[in-house]
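# Residue-level structural notes
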Amino acid sequence: MDKYDKLCADMADVYAGLMNDCGAMHVFMKECATGYIHSFNIRALCSMYRLTGEKKYLTAVRAWTDFSIRMQGTYGDSAAYNMGYLFTAPGNVPNSWFCADTLDQGFALLNVAMILEPDDPLYIKILDSVLRYESYVRRWYLGEEGFAVGFMDGEEPAGSYHTAVTRGICFYASMLTVFHKEIYRTRGKALLKYLLDKLDMNSNYHGSPLHNRCYASDALACGYYVLALDKDADLKARIVDKMENELLPWAVTHQTPEGFWAHDRFGYQPGSAKPVIDQKNMGAYSWGMVAGFQVFAGNLLAENTQMREILDRAYKWMLKNAVPGDQNRWGYHGWCMLSLLALKHPESLFPFGDKIKA
């Protein structure tokens, strides 16, 4: 086991150990209740189970899955996943409930389904859960005009929200992989078209340049390897071009000498004064972006020296600074695991790993 695999395994063991030793209720109530953060850890543990077959990883993801499905419908609509925060819901109508967060939860549940046997009762529960959720969340699906935010501050904002678009792409690529229904390709490709044509990578509306590139990077991977067909040569070329000529140049110019990207999301609204970015404050979204970048660097952009250079610096920072089990484990360690898996074992990553050519 080399240093990258060891760091990933140590992080995975912290999460799995906590879930297995204390149970999902304790983890949600005492450690971290935020569903989308758990989703990154769960995706990584699914990969670890694929790679090692170790039961501790399967046991942990089963515990998370069972609890998440039990919590479905406890906040708003009976099909809505519980985000784990912002619980105000007068008349059981959420004051704030976000499609982006819950699409990531659905994404993780579909990942779990792929490591279970089809006669496993939990597998059946997952399929029922995601089908009900997809029918509900489609209320905010706008096709080639994007994906709306959901509920926010007692309203349902019109128009598209960038992170719901990128998470929707990953969700529909996963639905296609599990259910093999072309309708999910159609829905995912419509969102992919919005990403390629209209999504503002530098939007600060509940996002940021780093935040948006983090989530777009794996969406582009899902688009290239899952949603695009072999005959979609032009679409695939556009995806690679988006990564190489829009996401990457910003990453090259904004990476700190240490190897991370500074935190730049502050929730300020368009037109207000931008806060000063502290270049010493590591942005957690760095490692989600690295995971997606590495998928491209390992194959589609293997000859791009700029991509390799920024990733080399990023992985060196991670090896030096990421401590399994420390206070940051809920901040970015799930993304760290996914980026390490993308580096060493991209074939393990759902839903596109089996389509990456060695």
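Residues numbered from 1 in each chain as written. Predicted model: local features only at pLDDT ≥ 70, side-chain atom pairs only at ≥ 80, totals over all residues. Heavy atoms only, no water.

### Looking at the layout of surface pockets
Reported here for the largest pocket is a volume of approximately 450 Å³. In this structure, the largest pocket is lined by 25 residues; those nearest its centre are Tyr225, Val226, Phe352, Asp354 and Lys355. A total of three residues in the lining of the largest pocket trace back to one element, the largest contributor, which is helix α9 (residues 209–227). Class assignment of the residues belonging to the lining of the largest pocket gives a composition of twelve nonpolar, five polar and eight charged. (1 Å grid on protein atoms, 1.4 Å probe; cavity = no way out; pocket = protein on both sides within 12 Å on 5 of 7 lines; lining within 4 Å. Points joined across faces, edges and corners; volume = space filled by probe spheres on them. Helix = DSSP H or I, 4+ residues; strand = E, 2+ residues; numbered from the N terminus. Nonpolar A, V, L, I, M, F, W, Y, C, P; charged D, E, K, R; others polar.)

### Looking at empty space enclosed by the protein
Across all of its chains, the model carries two cavities of 30 Å³ or more by this definition. For the lining of the largest cavity, the leading source of residues is α9, giving five residues. The residue inventory of the lining of the largest cavity, partitioned by class, reads eleven nonpolar, five polar and three charged. Counted as a void, the second largest cavity has a volume near 80 Å³. As for the second largest cavity, its lining consists of Met11, Val14, Tyr15, Leu18, Asn41, Pro324, Gly325, Arg329, Trp330, His333 and Met337. Counting only elements with at least two residues in the lining of the second largest cavity, the list comes to α1 (3–22) and α13 (333–344). Here the element with the most residues in the lining of the second largest cavity is α1; it accounts for four residues. Tallied by class, the residues present in the lining of the second largest cavity amount to seven nonpolar, three polar and one charged.

### Overview of unusual backbone geometry
In the segment running from Phe350 into Pro351, the intervening peptide bond is cis, with an omega of 10°. Although it is not a glycine, Asn92 adopts a positive phi angle of roughly 60°. Tracing the backbone through its elements, the reader meets Asn92 in the loop between α4 (55–71) and β1 (97–98). Look at Asn92 and you get partly exposed, because its relative accessible area is 43%. Here the phi dihedral of Asp153 falls at roughly 55°; this positive angle occurs in a residue that is not glycine. Mapped onto the elements, Asp153 comes out in the loop between β2 (150–151) and α7 (162–179). Here Asp153 falls in the exposed class, since its relative accessible area comes to 59%. (Buried < 20%, exposed > 50% of the residue type's maximum accessible area, 1.4 Å probe, protein only.)

### Section: helix α3 (residues 35–52)
Because an α-helix completes one turn every 3.6 residues, residues spaced three or four positions apart along the sequence face the same direction. End to end, α3 covers 25 Å across 18 residues, agreeing with the expected 26 Å (1.5 Å per residue, within 8%). Positive backbone phi, approximately 70°, marks Gly53, located one or two places after α3. (Expected span 1.5 Å × (residues − 1).)

### Overview of the packing of aromatic side chains
By the definition in use, this model includes 28 aromatic pairs. Judged by centre distance (5.3 Å) and plane angle (85°), the rings of Tyr136 and Trp140 are edge-to-face. For the residue pair Tyr136 and Trp140, the accessibility class agrees, reading buried in each case. Feature note: the residues Tyr81, Tyr133, Tyr141, Phe147, Phe171, Tyr172, Phe179 and Tyr184 constitute an aromatic cluster, connected by ring pairs. The lysine or arginine in question, Lys236, covers the ring of Tyr224, its NZ or CZ lying 4.8 Å from the ring centre. (Phe/Tyr/Trp six-rings, centres within 6.5 Å; stacked < 30°, edge-to-face > 60°. Lys NZ or Arg CZ within 6 Å of the ring centre and 35° of its normal.)

### Details of the pattern of salt bridges
Pairing between side chains becomes possible if they bear opposite charge and their charged atoms approach one another. Taken as a whole, this structure holds 24 salt bridges when the rule is applied. Between Asp218 and Arg43 there is a salt bridge, with the nearest N and O atoms lying 3.5 Å from each other. Residue Asp218 is located in helix α9, and its partner Arg43 is located in helix α3; the two are separated by 175 residues in the primary sequence. Per residue, the accessibility class of Asp218 equals that of Arg43, and both read buried. (Salt bridge = Lys/Arg side-chain N within 4 Å of Asp/Glu carboxyl O.)

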